[in-house]
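Per-entry structural report
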Amino acid sequence: GTTAMPKGCPLSHEAIVRTGDALNVRFSLTAADAWWDPLPMFHLSSILPLTASLRAGSRFITMVDFEVDAAVKQILEERPTYLFGTFPTLNQELLGHAGFRSADLSFVRIVNQVAPPDMQRALQAAMPGAAQVAAYGCTEIGGMIAQNDPAETPEQRATTCGVPWPGVEVRIVDPETGQDLPAGGRGEIVARGFGMFEGYHNDPERSAEAIEPGGWFHTGD
């Protein structure tokens with residue numbers, strides 16, 4: 001984390017590889033696909049797509065630093081099927097670029113963004129030929145545990161992050177009592193599954209605070 005005291009977060013090879021495989025299954029990715037991911041390789045937003053790409057035998061296209069002119073040129077030359085700009089700051093720069101807006105982007109079938117619903121709807125409207133998707137997760141549970149399916153409706157994809165991967169469980173609990181809430185209830189997200197980290201590095205006290213018996217991780221969200 002960069003907004004508070006940093007915490008070491010060990011992840012297993014299984015967590016990374018199975019999350020990559022889950023991405024491939026969710027998006028039916030094959031060797032014919034190509035990811036465009038300009039995000040830094042110290043971050044799971046690059047590590048997971050790279051792993052998925054290796055597992056699918058697809059191409060992985062990246063850049064050292066995001067710069068919009070170079071990014072648009074790279075996208076038009078490499079013709080990726082999945083744009084993984086992810087964050088609105090990057091996607092807005094792409095959408096604001098005249099060369100991007102006027103280009104034939106029919107080769108793109110999926111575009112990823114994590115943002116409020118209005119921004120998701122705007123991205124979908126700007127790229128009607130691609131399915132806008134979003135993801136939910138955090139480092140402690142493998143980076144991401146849910147992502148939209150392109151087959152969902154545009155409104156579902158604008159207002160949710162899809163359903164969890166097979167092998168991942170999610171509960172919504174009352175943050176005061178820890179009791180499960182009924183469907184539609186607003187509470188804390190707790191999760192467990194193959195992507196779980198191994199506890200905070202050299203910090204058993206903080207690990208015990210975050211992980212309850214049974215392996216459920218309290219996200220704080």
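Attention in this report is confined to the structure presented alongside it. Counting restarts for each chain, with residues numbered from 1 along the sequence as it is written. Residues qualify for local features only when their pLDDT is at least 70, as the model is predicted, and side-chain atom pairs are given and counted only at 80 or more; totals for whole chains, interfaces and linings, by contrast, use all residues. Side-chain metrics in this entry use all non-hydrogen atoms of the structure; hydrogen atoms and water are not considered.

What about the overall build of the protein chain?
Only DSSP runs of H or I covering at least 4 residues are called helices, and only runs of E covering at least 2 are called strands; the numbering of each starts at the N terminus. Looking only at helices and strands, the protein chain has 8 helices and 12 strands in total. Here the C-alpha radius of gyration of the protein chain, 18 Å, is about what a compact globule of 221 residues would show, namely 17 Å. Dimensions along the principal axes, computed over C-alpha positions, put the protein chain at roughly 55 × 35 × 30 Å. Sorting the 221 residues of the protein chain into buried and exposed places 44% on the buried side. Taken over C-alpha atoms, the radius of gyration is set against a globule rule of 2.2 Å times the number of residues to the power 0.38. Think of it in three bands: with a 1.4 Å probe and only protein chains considered, a residue is buried below 20% of the maximum accessible area for its type, exposed above 50%, and partly exposed in between.

Topic: the environment of Arg 186
In this structure, Arg 186 sits in the loop between strand S9 (168-173) and strand S10 (188-193). Classification of Arg 186 as exposed rests on a relative accessible area of 84%. Contacts are residue-level and defined by heavy atoms, with any inter-residue pair within 4.5 Å sufficient. Leave out the neighbours within four places in its chain, and Arg 186 touches Ile 172 and Leu 181.

Points about the nonpolar core
Core analysis: the largest hydrophobic core is formed by 32 residues, its most contacted members being Leu 23, Trp 35, Tyr 82, Ile 141 and Phe 217. In terms of residues, this core owes the most to one element, helix H1 (residues 13-27), which gives 4 residues. Setting aside chain neighbours within four positions, we find Tyr 82 in contact with Phe 27, Leu 29, Ala 34, Trp 35, Trp 36, Ile 110, Asn 112, Val 133 and Gln 147. Buried residues of nine kinds, namely Ala, Val, Leu, Ile, Met, Phe, Trp, Tyr and Cys, make up a nonpolar core once their side-chain atoms join them within 4.5 Å. The next biggest cluster of nonpolar side chains, apart from the first, holds 18 residues, and it includes Ile 61, Ala 71, Ile 75 and Met 127.

Points about unusual backbone geometry
At Thr 86, a position not held by glycine, the phi torsion is positive, near 70 degrees. Looking at where Thr 86 falls in the secondary structure, it is placed in strand S3 (residues 82-86). Positive phi, close to 55 degrees, is recorded for Asn 202, a residue that is not glycine. Relative to the elements of secondary structure, Asn 202 occurs in the loop between S10 and helix H8 (204-210). For Asn 202, a relative accessible area of 68% puts it in the exposed group.

So, the environment of Glu 93
Tracing the sequence through the fold places Glu 93 in helix H4 (residues 88-95). Residue classification places Glu 93 among the partly exposed positions, given a relative accessible area of 39%. With 26 residues separating them in the primary sequence, Glu 93 and Glu 67 have C-alpha atoms 9.0 Å apart. With near-sequence residues (within four places) excluded, Glu 93 lies in contact with Phe 66 and Val 68.

Quick look at the sheet that holds strand S4 (residues 110-113)
Sheet architecture is open: 5 strands sit in the order S2-S1-S3-S4-S5, paired in parallel fashion. Looking at the sheet topology across the chains shown, the edges are occupied by strand S2 (59-61) and strand S5 (131-133). Here the average twist between neighbouring strands, direction ignored, is 20 degrees. Across 3 bridges, the pairing between S3 and S4 is parallel. Within the sheet, the bridge partner assigned to Leu 83 lies in S4 and is Val 111. A pair of strands is labelled paired if DSSP reports no fewer than 2 bridges between them. Throughout, an axis means a line fitted to C-alpha atoms (over the contacting stretch in the case of helices), and angles, computed between N-to-C directions, take values from 0 to 180 degrees.

Examining the sheet that holds strand S7 (residues 146-147)
One open sheet holds the 3 strands; their spatial order is S6-S7-S8, and the pairing between them is antiparallel. Edge positions in the sheet fall to strand S6 (135-136) and strand S8 (163-164), since each has one partner strand and no second. In terms of strand pairing, S7 meets S8 through 2 bridges, oriented antiparallel. Its bridge partner being in S8, Gln 147 is matched across the sheet by Val 163.

A closer look at the side chain of Ser 45
Here Ser 45 is to be found in helix H2 (residues 44-56). Within the structure, the side chain of Ser 45 is placed 2.8 Å from the side chain of His 43, a separation counted as a polar contact. Ignoring any residue separated from it by four or fewer positions in sequence, one finds Ser 45 in contact with Asp 37, Leu 39 and Phe 84. Whenever two N or O atoms come within 3.5 Å, that pair is a polar contact, provided that in protein one can donate a hydrogen and the other can accept it, and provided that, for residues adjacent in sequence, both atoms are side-chain atoms.

Notes on H4
Regarding H4, the residues found buried are Pro 88, Leu 90, Asn 91 and Leu 94. All buried residues of H4 fall inside an arc of 160 degrees around its axis, so they share one side. Where H4 is buried, its residues meet strand S1 (34-36), helix H3 (68-78), S3, helix H5 (98-101), S4 and helix H6 (117-126). This arc is taken over the directions from the axis of the helix to the C-beta atoms.

As far as function goes, none of this settles anything; it's purely spatial.
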